[in-house]
Amino acid sequence: MTAPLLALDVVTIFPEYLAPLSQSLVGKAIERGIIAARVHDLRAWTDDIHRTVDDSPYGGGPGMVMRAEPWARALDGLAPPEGPQPCLVIPSPAGRPLTQALAAELAARPWLLFACGRYEGIDARVIDYAAARMEVVEISLGDYVLCGGEVAVLVIVEALARLLPGVLGNSESAANDSFADGADGLLEAPAYTRPATWRGLDVPAVLLSGDHGAIERWRKEQSTARTRAIRPDLLDS
Ligand code: JF5
């Protein structure tokens with residue numbers, strides 16, 4: 001097999017949480033060798049009998065913080081300092097918002113290393129330690145708090161995997177997506193399939209008309225109306 005387009009490492013204290021990576025489109029891309037994915041248990045890089053990954057926060061406050069040392073050993077083990085370096089991706093409510101543009105940027109990297117935080121997050125020095133030799137991107141899925149980074153990693157991997165050549169079929173190409181390069185950035189118009197009447201509900205007649213100009217205009221109106229109602233912020237830009 002030829003080299004994968006994208007290598008993924010995920011470090012987590014809940015490796016089973018990443019099981020969905022082997023399903024669906026991402027799973028297929030792994031089977032087909034387009035993506036190489038490895039999931040690692042952070043506790044493999046602890047050295048005490050309790051395999052401790054957390055401790056109380058300096059300065060006080062609730063909750064626990066992930067200790068720096070296991071993370072540094074994980075980074076050094078997976079990406080030895082003298083070798084090629086991955087882009088380190090850390091899901092965090094304090095990160096850069098995930099957008100289609102950021103997903104496309106990440107999809108162009110050869111190697112991504114995901115660090116899944118839990119509790120109140122990872123000792124901040126880990127980011128400084130990593131940033132001295134690799135690119136580090138903290139990414140937010142939105143303004144809410146998850147219990148850990150694992151689900152965010154699944155979201156990020158799914159968003160970028162479908163942008164890799166060969167992952168989507170031609171019929172489901174990413175090029176037409178609302179947020180793809182050159183797209184209008186509006187929400188998609190509603191979609192319908194057979195039957196034309198279903199439980200008393202009809203497909204809009206224009207879609208059955210065969211008039212491609214009228215269909216295009218109708219879809220644009222639908223997109224604009226939906227966007228104005230649900231995501232007016234997308235119209236401002
Ligand atoms: C995480 C400590 C990281 O909660 C998130 C998140 C919210 N939006 N985007 C990501 O990340 C996981 C939880 C707790 C650090």
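See the structure shown above.
What counts as what
Residues numbered from 1 in each chain as written. Predicted model: local features only at pLDDT ≥ 70, side-chain atom pairs only at ≥ 80, totals over all residues. Heavy atoms only, no water. Helix = DSSP H or I, 4+ residues; strand = E, 2+ residues; numbered from the N terminus. Buried < 20%, exposed > 50% of the residue type's maximum accessible area, 1.4 Å probe, protein only. Near = heavy atom within 4 Å. Polar contact = N/O pair within 3.5 Å; in protein donor to acceptor, adjacent residues only side chain to side chain. Areas by Shrake-Rupley, 256 points an atom, 1.4 Å probe, with all protein chains shown as cover. Nonpolar A, V, L, I, M, F, W, Y, C, P; charged D, E, K, R; others polar. Phe/Tyr/Trp six-rings, centres within 6.5 Å; stacked < 30°, edge-to-face > 60°. Lys NZ or Arg CZ within 6 Å of the ring centre and 35° of its normal.

Asker: Tell me about the environment of arginine 228, residues and numbers included.
Answerer: When you line up the elements, arginine 228 lands in helix α6 (residues 212-230). Residue class for arginine 228 comes out exposed when judged on its relative accessible area of 52%.

Asker: How would you summarise the site of the ligand if you had to cite specific residues and measurements?
Answerer: Not every one of the 13 residues close to the ligand is listed here, only the nearest: Leu141, Gly142, Tyr144, Leu146 and Gly148. Within the backbone of tyrosine 144, an N or O atom sits 3.4 Å from a nitrogen atom of the ligand. Between the ligand and the protein, one listed contact pairs an oxygen atom with a backbone N or O atom of leucine 146 at 2.8 Å. In the complex, the protein chains occlude 94% of the 370 Å² of accessible area that the ligand would expose alone. A per-element tally of the shell around the ligand places strand β5 (residues 87-97) first, with three residues. Residues belonging to the shell around the ligand are distributed by class as follows: seven nonpolar, six polar and no charged.

Asker: Can you tell me about the packing of aromatic side chains, naming the residues and giving the values?
Answerer: According to the stated counting rule, one finds one aromatic pair in the structure shown. Between phenylalanine 14 and tyrosine 17 the ring centres are 6.3 Å apart and the planes differ by 50 degrees, which places this aromatic pair in the tilted class. Under the relative-accessibility criterion, phenylalanine 14 is labelled partly exposed at 32%. Taking the ring centre of tyrosine 17 as reference, the NZ or CZ of arginine 118 above it sits at 5.4 Å.

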